[in-house]
Amino acid sequence: MSVMIRRKNDSPFAPQPDDGMTVCRCEEVTKGEIRRAVYDGARTFGEVKRRLRTGMGLCQGQTCQRLVLAIISRELGKSVGDLGKVTGRMPVRPVLMEELSRSGVEGMESEGAEHHE
Amino acid sequence: MKRYEVIVIGAGPAGLSAACAAAEAGLETVVFDENARPGGQLFKQIHKFFGSREHQARVRGVRIGENLLKRADELGVKTVLGATVLGVYEQKEVAVRTEGEVRSYRGDAIVIATGASENMLTFDGWTLPGVIGAGAAQTLMNMHGVRPGARVLMVGSGNVGLVVSFQLLQAGCEVPIVVDAAPRIGGYGVHASKLARAGVEFRTSHTVVKAIGAGRVEGAVIAEVDGSFAPIPGTEETIDVDTICIAVGLSPMSQLADNAGCEMEYDSAKGGYVPTLNDEGLSSVPGIYCAGDMAGIEEASSAMIQGSIAGAAIARDLGYLTPDEFGERAERWRRSLDGIRSGMFAPGMKGRTDITNTDEGYPLSASLLARGFLDGADDGIFPSMIYSGGMRPIIECTQNIPCDPCQDACPRGCIVVGEDITDLPRLDIGKKCTGCALCVGACSGQAIFLIDDSLGDGYGTVGLPYEFLPLPSPGDPGKALGRDGEVVCDASVVEVRDSKAMDKTPMLVMKVPVSALGRARFFRPAENKNYA
Ligand SMILES: Cc1cc2nc3c(=O)[nH]c(=O)nc-3n(C[C@H](O)[C@H](O)[C@H](O)COP(=O)(O)OP(=O)(O)OC[C@H]3O[C@@H](n4cnc5c(N)ncnc54)[C@H](O)[C@@H]3O)c2cc1C
């Protein structure tokens, strides 16, 4: 297990010309916002997601997960494989609360716990 | 809670094959798929597949899908459609949403075969309507009969981009340009050649930088890229298209495996996060198997074999097959899998640019890799392309890919692939070609032409595979096009030969001067009869 070291960035946040480009369409998150989150200390897909909701919309990250990972990897100068696992959570597809409440699926309640490496 | 012996998630080629192998051994098997139709990607694949007979080569993907469904049906596999699996829990419990309700089922074993999702590219304007995935284009055309656009820019020259571009042409769309950021065309040369001779231009080391338009795509800007794939300022070019189709790869949809607690790994050669599996497809969780694109992007042929192995392994685990019975089946399947995974484009070869020669030692065509067509320099090199007079097949197949239907197709034994399925086809010039055209229809790459110089008066004929509607009629005038899509000379149709055995790849025979026999490879009707 490796220890993640976070240090406050010494250099100021450097804007890029295409920071305004939408990356996560479902939650309308831009490249600049994701870069900013990484600048502010987010290191994994999960951390960016918890700040910005990237991958939490209708498509559940099907479109943007790869794009967000590529941005984090570029910002940190690490390969995507070294960014830690992206956790696959129930439900893997959006589902109406109404449908869930009608079902009583076991395991739904215990899913909240996060796995930390 | 309802219990099944085997629960399969995904009714694509991998899942259905797993279900068949399990059901065949006597297991009670259910398949859940969120789609309204079973078959996964297969029903969009209207082209003929590669491989050898055991891989159902030269059979169209749709037909392979139909055969698989029929078999699953006969074996009593229960397929539940419109059934989305939301999660997989401990004790091999799966949560399935059907008709507004979520229900749990338990399996003694589970096969996860959820396939892949398409990768997207971000560029200025990529969220405009008219920017679509290649898979979406296929769904529109081949499932719903809807043309995605009038003029399409294809981004990505892997086999998916090439196959979908050809299908767009067949649907009556124009595809002026295929761009790829890599310096080489990624997919099979034969797929690229079908496009090039129909007039599609390839731009390697190019990407799309902008979608132009207010409210929808009205044009695209492409640009050359440097060695690190960054667009080079000043190389921008605006092209007139109304659709931008993205075919830049697939990512395994492996979330359910992670959700089930399977050990995962990141493998860029496999396309992303995939479960760690043994050679039977077993994950780190006992009883949970994985197969197909979700375990690493490959092909339907390999997905089916992986699925079969997983299904049979479950039958063994649960006592329906003896280890020997399983071993026998598995050995056959593995051999078949090794075959389909061999050659220049095998899964492990992705991104390799250091291959300069074929296995036979012939230099790979630089023109084919960069521009999508063989040029004059290649003519003297590949023996199967050397014309020796009379009625002869000319085979423009110059890369080592696992495929051999041409050999089986020729009733006279004129074509020999030999021991290794990736070997280039050779011509046995001692055997007499009767011009039956079966090889032309059998070649999935549409790379076989029948040349005859004996028409008289300085004329000869070129027979070529022609998969476009409406089919021209004898006597129709037009132009003969070269491998590069440029006009070679005037031509007229002599006949269009079709038969059941050719399975919708008719041979169009055109009359051209003998001097053009070496160059004329496509026919463009004078009057472009419009597609209804
Ligand atoms: C343009 C193109 C051309 C191709 N040409 C060839 C070719 O010539 N030869 C060849 O061998 N291969 C070809 N392929 C590749 C081939 O189609 C795929 O490799 C193959 O379909 C993968 O099979 P699969 O069963 O793993 O996945 P899929 O076919 O994708 O099937 C997965 C199934 O799982 C279902 N599913 C996913 N998630 C869930 C869930 N949570 N709950 C319920 N159901 C779910 C989906 O609805 C789908 O039906 C081509 C692909 C493309 C795009």
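Residues numbered from 1 in each chain as written. Chains lettered and ligands numbered in written order. Predicted model: local features only at pLDDT ≥ 70, side-chain atom pairs only at ≥ 80, totals over all residues. Heavy atoms only, no water.

## Some remarks on the side chain of E99 of chain A
Inference 1: Examined against the element boundaries, E99 of chain A turns out to sit in helix α4 (residues 97–101).
Inference 2: For E99 of chain A, a relative accessible area of 11% gives the class buried.
Inference 3: Among residues more than four places away in sequence, those in contact with E99 of chain A are R97, G100 and V102 of chain B. (Helix = DSSP H or I, 4+ residues; strand = E, 2+ residues; numbered from the N terminus. Buried < 20%, exposed > 50% of the residue type's maximum accessible area, 1.4 Å probe, protein only. Contact = heavy atoms within 4.5 Å.)

## Here's the deal with empty space enclosed by the protein
If a probe the size of a water molecule is rolled over the atoms, the empty space left behind becomes visible.
Residues and elements named next belong to chain B.
Inference 1: Under the criterion given, the structure shown has 7 cavities of 30 Å³ or more.
Inference 2: The calculated volume of the largest cavity comes to roughly 130 Å³.
Inference 3: Forming the boundary of the largest cavity are 13 residues, of which F50, C397, C403, C443 and G445 lie nearest the centre.
Inference 4: In this structure, the second largest cavity occupies an estimated 80 Å³ of space.
Inference 5: Lining the second largest cavity are V190, S193, R197, L374, E396, G445, Q446, A447, F449 and R483.
Inference 6: Taken together, the residues of the lining of the second largest cavity sort by class into 4 nonpolar, 3 polar and 3 charged.
Inference 7: Looking at the lining of the second largest cavity, you find at least three residues from each of domain 2 (120–248) and domain 3 (366–525). (1 Å grid on protein atoms, 1.4 Å probe; cavity = no way out; pocket = protein on both sides within 12 Å on 5 of 7 lines; lining within 4 Å. Points joined across faces, edges and corners; volume = space filled by probe spheres on them. Nonpolar A, V, L, I, M, F, W, Y, C, P; charged D, E, K, R; others polar. Domains from an automatic or database assignment.)

## Focus on the site of the ligand
Residues and elements named next belong to chain B.
Inference 1: The environment of the ligand is made up of 34 residues, and the closest members are D33, Q41, H47, V85 and D293.
Inference 2: Within the backbone of A14, a nitrogen or oxygen atom sits 2.9 Å from an oxygen atom of the ligand.
Inference 3: Protein contact buries 94% of the 990 Å² of open area that the ligand shows by itself.
Inference 4: Breaking the shell around the ligand down by element, the ones donating at least two residues are α1 (13–24), β2 (29–33), β4 (84–89), α4 (159–170) and α7 (300–317).
Inference 5: Residue classes in the shell around the ligand are distributed as 15 nonpolar, 13 polar and 6 charged. (Near = heavy atom within 4 Å. Polar contact = N/O pair within 3.5 Å; in protein donor to acceptor, adjacent residues only side chain to side chain. Areas by Shrake-Rupley, 256 points an atom, 1.4 Å probe, with all protein chains shown as cover.)

## Topic: the domain arrangement of chain B
Residue and element names in this part refer to chain B.
Inference 1: For chain B, the assigned domains are domain 1 (2–117 + 251–340), domain 2 (120–248) and domain 3 (366–525).
Inference 2: The gap between the C-alpha centroids of domain 2 and domain 3 is 28 Å.
Inference 3: Facing 17 residues of domain 2, the contacting portion of domain 3 comprises 25 residues.
Inference 4: A combined buried area of about 1700 Å² lies between domain 2 and domain 3, and 58% of that area is made up of carbon and sulfur atoms.
Inference 5: The interface formed by domain 2 and domain 3 includes 0 salt bridges.
Inference 6: Linking domain 2 with domain 3 are 7 residue pairs in polar contact (both at pLDDT 80 or more).
Inference 7: Considering every element that reaches the side of domain 2 that touches domain 3, the biggest residue donor is helix α5 (residues 189–196), with 6 residues.
Inference 8: When grouped by side-chain class, the residues that make up the side of domain 2 that touches domain 3 number 9 nonpolar, 5 polar and 3 charged. (Buried area = accessible area lost by both parts, 1.4 Å probe. Salt bridge = Lys/Arg side-chain N within 4 Å of Asp/Glu carboxyl O.)

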